[in-house]
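Inside the fold
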Amino acid sequence: MTTMTETKPKQLAVNNSSSVGSRVFDVLNVVALVGLALITVLPLLYVLAASLASEPEIASRPFFLWPEKIVTEAYEYIFATPTFIRSLLTTVVVTAVGMVVQVMLTFTMAYPLAKRYLPGRTLVLNLVIFTMVFSGGMIPTYLVVRDLGLLDSYWALILPLAINPFYLIIVKSFFQELPQALEEAARIDGCNEMGVFFKIVLPLSKPIIATFSLFYAVAIWNDYMSPLLYITDPNKWTLQILVRQLVATDPAAALSQMDRTWVPPEQGVKFAIIVIATLPILFFYPFLQKHFAKGVLIGGVKE
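Residues numbered from 1 in each chain as written. Predicted model: local features only at pLDDT ≥ 70, side-chain atom pairs only at ≥ 80, totals over all residues. Heavy atoms only, no water.

Short version of the rule: UniProt positions are given in the numbering used here, feature names are shortened, and annotations may be inferred rather than shown by experiment.
In the annotation of an unreviewed UniProt entry, the chain is listed under the name Carbohydrate ABC transporter permease and assigned to Nonomuraea monospora. Listed under Sequence similarities (unreviewed entry) in UniProt, the entry text for the chain is "Belongs to the binding-protein-dependent transport system permease family." You can read under Subcellular location (unreviewed entry) in the UniProt record for the chain the words "Cell membrane".

A few points about helix α7 (residues 165-177)
Note: α-helices contain 3.6 residues per turn, so residues at a spacing of three or four share the same orientation. Quick note on the threshold: To qualify as a helix, a DSSP run of H or I must reach at least 4 residues; to qualify as a strand, a run of E must reach at least 2; elements of each kind are numbered from the N terminus. Multiplying 1.5 Å by the residue count of a helix minus one yields the expected span of that helix. Here the term buried applies to any residue with accessible area under 20% of the maximum for its type, exposed to any over 50%, and partly exposed to those in between, with areas from a 1.4 Å probe on protein chains only. Working rule for contacts: check all heavy atoms of both residues, and any pair within 4.5 Å makes them a contact. Nitrogen and oxygen atoms within 3.5 Å of one another constitute a polar contact, given that in protein one can donate a hydrogen and the other can accept it, and given that sequence-neighbouring residues count only through two side-chain atoms.
The end-to-end C-alpha separation of α7 is 19 Å, in line with the 18 Å expected for 13 residues at 1.5 Å each. Within α7, 10 of the 13 residues are buried, leaving the element largely enclosed by the surrounding structure. Along α7, the positions that sit buried rather than exposed are P165, Y167, L168, I170, V171, K172, S173, F174, F175 and Q176. On its buried face, α7 is in contact with α4 (82-113), α5 (121-133), α8 (180-188), α9 (193-201) and α10 (206-222). A side-chain oxygen of the first residue of α7 lies 2.9 Å from the backbone nitrogen of F166; this N-cap is N164.

So, the pattern of salt bridges
Operational definition: One side-chain nitrogen of Lys or Arg within 4 Å of one carboxyl oxygen of Asp or Glu is enough to make a salt bridge.
All chains considered together, the criterion is met by 3 salt bridges. We note a salt bridge from E68 to R61, for which the minimum N-O separation is 3.9 Å. Given the relative accessible area of 68%, E68 is considered exposed. Between R146 and D147 there is a salt bridge, with its nearest N and O atoms 3.3 Å apart. Taken together, the shared-partner salt bridges in this structure form one network comprising E57, R61 and E68.

And the structure:
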């Protein structure tokens, strides 16, 4: 009895110390995460506030989260020029078409590679993995695009990066985890491989489709190097190239089709164009969020 009564206080002391340690860890964890969140969010809030501020305020205040007076002149100037509207529409169309093409190519290639009985499957997978480690480089890729006649074409922004090998392997692993009984039942009912893929596999793949659609869309929307290398016609500029021209050069020179009698708010235009280039992705993310967490983790099972 004496031994049992002596051990209980010791166990309580250990439990109390562990609970105190876990609470301290939770507090430090929350503080660290809040700090990281502030580091991420504060620059975005500053850019948004600066885009709505006047030029003297931007010049006199090095950092602020709310302008003294809201001014929309920068946005009026941007939306009044055909150059910006054309670049925005170009980026939207290229992103939408490119996302559909890239998702379809990735999924249609991953589905047969998920079948262990496919002849040459191991060789193809090894070649895919090889491209994750080694790439042809900028100059060989440019020569291929040129010889295919894709220079100054929007397809040059889509096809060279149509299939991401890392995404392909994740999707392949996801397909391998799907119940084979469903596919066998569909084949018994008369479906061929295309019918099984479109009627059985794709409806079960909505989370991972939403996830990689977002990944591909963000990559195309933010792509800067491809239009810089392959697009020379200013009328085919994407939004990212226009942002570069606005930030690195004179906004009035970049938006040359605007009425030059209107002197633009130079700093405000730079901040406003960054906000406009960022908002579309932030707008669509909440609609895909319910599939995003599940889609990121799904398909990560090793073969």
